[in-house]
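# Per-entry structural report
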Amino acid sequence: MSWFSSRGTGPRKEQQGRVQALAEPDVHRSLALAALFDEIRGRKVQVLDLGPAVGSNVEFLSQFGCKLYIEDLYAALSSRTSSGEGALAGPEFFTEFLAVPDDTRFDVIFAWDLFNYLHRKELAHFAAQLRRHCDRGARLFALMSILKTMPAQPFRFKIQDEQHLIYERRTATERPSPRYAPAEMTDIFKGFRVDRSFLLRHGIQEFLLVKE
Amino acid sequence: MAWKRDDPPAHPEPQSPAAPPRPAAPAAPPAPAPAASPSSSHEAPRRTDRATIGPSIFIKGDLSGEEDLVIEGRVEGKVDLKQNNVTIGKNGKVKADVFGRVVTIEGEVTGNVFAREQAILRQAGAIFGNIQAPRVILEDGSRFKGSIDMEAPKETGAPNRDHRSEPSRVEPHRAEVVGVKAGA
């Protein structure tokens, strides 16, 4: 069984791994986030948030006068998995998932840690879909796990301020991490370049990709 | 005082399943509204009246009026109370574009929400559509899929890059829901 097949919310589907108690949310400094907000300050931007709707993030982002799209990727993938469809989501899934008009362009994409929960092929399909909706200069913020294991479900991220993220863990169960290397990210996200990359002490590598 | 918006309704809300759906616009207001003068046409009077669509009521068509509205039933069409507060209660299911001053959602809305002042999505609530409001509150645990434009709606409709919040582009969808007869 691959790490991918453990996607889903049911405990039976989650791989047995190192179990950690659900602790209080951690707050971590985010250098890439700070760089991102520096770039978009004073601009009216269109933002795509691939995480669940988080009220405090909406409130925080409102100060930038942005238009915010919220599309919960993990919920959509979990729903698909639980409905018994094939193991891997194909391009049509991502087209349906991000059902915005063709001329919609995102200036900022918050992918959070969600790419860790996609198989490489899925990630490639999704990257192609995102590429279509990004013009030159669009920025993509992603948090990639570098540890052997990671939580079985994505964190819930809350923007505390321009330099700090609150990590809310949603499950104590762990699963293997795909550990995408920077070179692999660059290969998958063709058309984007790594603008900033920060290796953080808590086992996360932050990426700020920019559309070329 | 009659102008205080948060006053409880003076009369019990019609909740009986047998009762016909009460239109949002009162046919005969109990008392003449003091602010009904022509000078106040832009800012509607703050009435204490509040209409409720009960849980067993299903309305197809457009709703418009000049009083606050609570929807606990099902509505398919368009809810247009730009000057008033609209609440989609916990039992409420709306497939419509919703226009209001403050729009609060505790139930489920499939459609776009346009709030002149504020849109509030409560924890149990869900919106599958777009929100356009100067201020948006999403409580944690709420479900939302769509876009949020926190700029105040422009009366003149400045060009927007995205179809989904552009009133003129939404017309075909509106036409679909408006075309259904009320009470059908």
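Okay, so let's go over this structure. This structure is a prediction, so every number in the text was calculated from the model and none was measured. (Residues numbered from 1 in each chain as written. Chains lettered and ligands numbered in written order. Predicted model: local features only at pLDDT ≥ 70, side-chain atom pairs only at ≥ 80, totals over all residues. Heavy atoms only, no water.)

### So, the overall build of chain B
When helices and strands are tallied, chain B shows one helix and twelve strands. Ordering the α and β elements of chain B from the N terminus gives β-β-β-β-β-β-β-β-β-β-β-β-α. In chain B, which comprises 184 residues, the share counted as buried stands at 44%. In chain B, 23% of the contacts between residues at least 6 apart in sequence involve partners at least 24 apart. Surface accessibility of chain B: about 9300 Å² in total, with carbon and sulfur atoms responsible for 55%. (Helix = DSSP H or I, 4+ residues; strand = E, 2+ residues; numbered from the N terminus. Buried < 20%, exposed > 50% of the residue type's maximum accessible area, 1.4 Å probe, protein only. Contact = heavy atoms within 4.5 Å. Areas by Shrake-Rupley, 256 points an atom, 1.4 Å probe, with all protein chains shown as cover.)

### With respect to empty space enclosed by the protein
Residues and elements named next belong to chain A. Scanning the entire structure with this criterion turns up three cavities of 30 Å³ or more. Put simply, the largest cavity is a space of about 90 Å³. As for the largest cavity, its lining consists of 15 residues, and the residues nearest its centre are G51, P52, W112, F155 and F157. By residue class, the composition of the lining of the largest cavity is eight nonpolar, two polar and five charged. (1 Å grid on protein atoms, 1.4 Å probe; cavity = no way out; pocket = protein on both sides within 12 Å on 5 of 7 lines; lining within 4 Å. Points joined across faces, edges and corners; volume = space filled by probe spheres on them. Nonpolar A, V, L, I, M, F, W, Y, C, P; charged D, E, K, R; others polar.)

### Regarding the side chain of H28 of chain A
Residues and elements named next belong to chain A. Mapping H28 onto the fold places it in strand β1 (residues 26-29). Among the polar contacts listed, one links the side chain of H28 to the side chain of H202, at a separation of 3.3 Å. Apart from residues no more than four positions distant in its own chain, H28 is found in contact with Q163, H164, L165, Y167 and H202. (Polar contact = N/O pair within 3.5 Å; in protein donor to acceptor, adjacent residues only side chain to side chain.)

Worth remembering: the numbers are spatial, not functional.
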